[in-house]
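The lines below spell out each chain.
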Amino acid sequence: HETETRSLRTPIVAVLGHVDHGKTSLLDKIRGSTVIEGEAGAITQHIGATAVPLDVVSKVAGKLVNPDDFDLPGLLFIDTPGHHSFTTLRSRGGALADIAILVVDVNDGFQPQTVEAINILKQSQTPFIVAANKIDTTPGWNPEMDAPVQQTYEAQSDRARSTLDSSLYELIGELSDAGFSADLYWRVQNFQNNIGVVPVSAETGEGVPDVLTVLMGLAQRYMREDMEIDVAGPGAGTVLEVKEEKGFGTTLDVVLYDGTVRADETIVVGGMNEPIVTDVRALLKPRPLAEIRTEDRFEKVDSIAAAAGVKIAAPNLDEAMAGAPVRVVRDREIEDVIEEVQAEL
Ligand code: GTP
Ligand code: MG
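All values derive from a computational prediction rather than experimental measurement.

Draft legend 1. Just the overall build of the chain, in detail. Within the chain one finds eight helices and 20 strands. Scored against the burial criterion, the 345 residues of the chain give a buried share of 46%. Long-range contacts, defined here as pairs at least 24 residues apart, represent 74% of the contacts in the chain between residues at least 6 apart.

Shown next, in the form of structure tokens:
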């Protein structure tokens, strides 16, 4: 047996919400701000997953985040599409997201997939914050690029502010109807009992420092103990997608939430008929900020540790399923690992 290496992994943050409410834009803004500041190398953009290290979080959040207050390594964001596949993924994967951002268009309020998302979060008891997005579309809004929200909010005309206020209070009311006591995040004392609402614009970056600050604080304060893992242990993850990749055949886009996967290791993956036992042929990590669909941008790595997004190439993956568990066998009995995978299907 190898010695245990306890370490703090990156919390996994799912970004959920109704179609077009701005989930991807919000993530783009978090990534983009750092590109503009010449920090491209500091961000790893994985498959459907973007790892944002603590120093980048603190750079984007400005004076709101002091890196000395945190020992978690950053945040791993999972962007989700507006369609139903993530529901299946959530109900099967269970433990995938540690915390979540529910993105709601502040003008549109609750929509069908907002309700669906909130039910998933309720059922899985995942702590979350609400990003009340698109505040820049408030009539008369005078944007202050990338500013903390309270600063820009105070600087607005009375009229713009009260228009935004009524949308925000409507949203807080809808959250209350859904069974959550919510308030503007700066009025929330205890984030375990109350949902913090962060007014934000993925377009102007206003409130983005606040979103990162609240997430980091939530993770550090309430999730830290759950983040202690044996990083050297056998990897465990969830399949996000099963995809053809030129030159590699069928591959798995996986979010790894525990341990390590190494190239050449035997893994067990949930399949349509039965668990698939196969050997990793390649571990592929998209290069920092690469367009993930361009196959020549992938970097072959020897091993990867949680939490991370990674593409796994291996034989016999045709029957693998999105949402299914993936386990590295390492020094365990294959039969035990197969049972473990079956139990999670
Ligand atoms: P799906 O992935 O399809 O569920 O959508 P999404 O939630 O990822 O939304 P996306 O980020 O693709 O944004 C949808 C549209 O809203 C795009 O045209 C964005 O430019 C626009 N948008 C997103 N955020 C903002 C914002 O804060 N302000 C404004 N004005 N437009 C925004
Ligand atoms: Mg999107």
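On we go from here.
Draft legend 2. Here's a closer look at the environment of Q111. Following the sequence through the fold, Q111 ends up in the loop between strand 6 (99-105) and helix 4 (112-124). A tally of 17 C-beta atoms within 10 Å means that Q111 is categorised as partly exposed. Considered as a pair, Q111 and H21 are 90 residues apart in the sequence and their alpha carbons are 9.7 Å apart.

Draft legend 3. Molecular detail of the confidence of the model for the chain. In this model, the chain carries a mean pLDDT of 86, and residues with pLDDT of at least 70 account for 87%. Confidence estimates for the predicted assembly give a pTM of 0.88 and an ipTM of 0.99.

Draft legend 4. Representation of the pairing of strand 14 (residues 266-269) within the structure. Direction of pairing for strand 14 relative to strand 15 (residues 276-279): antiparallel, over a ladder of four bridges. By the bridge assignment, V268 is partnered in strand 15 with V277. The turn linking strand 14 back onto strand 15 is made up of six residues. Inspection of the sheet shows strand 14 paired to strand 20 (residues 325-328) by three bridges, in the antiparallel sense. Bridge assignment links V269 to a residue of strand 20, and that residue is V326.

Draft legend 5. Fine view of the environment of F248. Looking at the element boundaries, F248 is found in the loop between strand 11 (236-245) and strand 12 (249-258). By C-beta crowding, F248 is classed as partly exposed, having 18 other C-beta atoms within 10 Å. Put simply, F248 and V56 are 192 residues apart on the chain and 33 Å apart in space, counted from C-alpha to C-alpha. Not counting residues within four places of it along the chain, the set of residues in contact with F248 comprises A282 and A313.

Draft legend 6. Here's a closer look at the nonpolar core. Residues V13, L102, I129, V130, A132, V198 and L215 are the most contacted members of the largest nonpolar core, which totals 97 residues. Looking at this core element by element, the count peaks at eight residues for helix 7 (residues 208-223). Among residues more than four places away in sequence, those in contact with V198 are I129, V130, A131, A132, V149, Y185, G207, D210, V211 and V214.

Draft legend 7. Inspection of the environment of G270 at higher detail. Note that G270 resides in the loop between strand 14 and strand 15. Considered as a pair, G270 and E319 are 49 residues apart in the sequence and their alpha carbons are 8.5 Å apart. Aside from chain neighbours lying at most four places away, what touches G270 is P275, M321, A324, P325, V341 and L345.

Draft legend 8. Main features of helix 2 (residues 54-61). Taken as a whole, helix 2 has its buried residues at V56, V57, S58, V60 and A61. After helix 2 finishes, the residue G62 shows a positive phi value of roughly 60°.

Draft legend 9. Molecular detail of unusual backbone geometry. Each neighbour pair has its own omega, and for A306 with A307 the value is -10°, a cis peptide bond. Looking at where A307 falls in the secondary structure, it is placed in the loop between strand 18 (303-305) and strand 19 (308-313). We note that D146 has phi near 60°; this positive angle belongs to a residue other than glycine. Considering the arrangement of structural elements, one finds D146 in the loop between strand 7 (128-133) and helix 5 (149-154). We classify D146 as partly exposed; it has 18 C-beta atoms within 10 Å. The residue N316 is not glycine, and still its phi comes out positive at about 65°. By secondary structure assignment, the location of N316 is in the loop between strand 19 and strand 20.

Draft legend 10. Inspection of the packing of helix 2 against helix 7 at higher detail. The interhelical angle for the contact between helix 2 and helix 7, taken along N-to-C directions, is 135°, at an axis separation of 8 Å. One way to sum up the angle between helix 2 and helix 7 is to call them oblique. Here the hand of the crossing between helix 2 and helix 7 comes out left-handed. Where helix 2 abuts helix 7, its residues V57, V60 and A61 lie against V208, P209, L212, T213 and M216.

Rules of the game
Residues numbered from 1 in each chain as written. Chains lettered and ligands numbered in written order. Predicted model: local features only at pLDDT ≥ 70, side-chain atom pairs only at ≥ 80, totals over all residues. Helix = DSSP H or I, 4+ residues; strand = E, 2+ residues; numbered from the N terminus. Buried ≥ 20, exposed ≤ 12 C-beta atoms within 10 Å, placed from the backbone. Contact = placed C-beta atoms within 7 Å. pLDDT = per-residue confidence, 0-100. Pairing = 2+ DSSP bridges. Core = buried A, V, L, I, M, F, W, Y, C linked by C-beta atoms within 7 Å. Axes fitted to C-alpha atoms, helices over the stretch in contact; angles between N-to-C directions. Parallel < 35°, antiparallel > 145°, perpendicular 65-115°, else oblique. Left-handed = near helix turned anticlockwise from the far one by under 90°.

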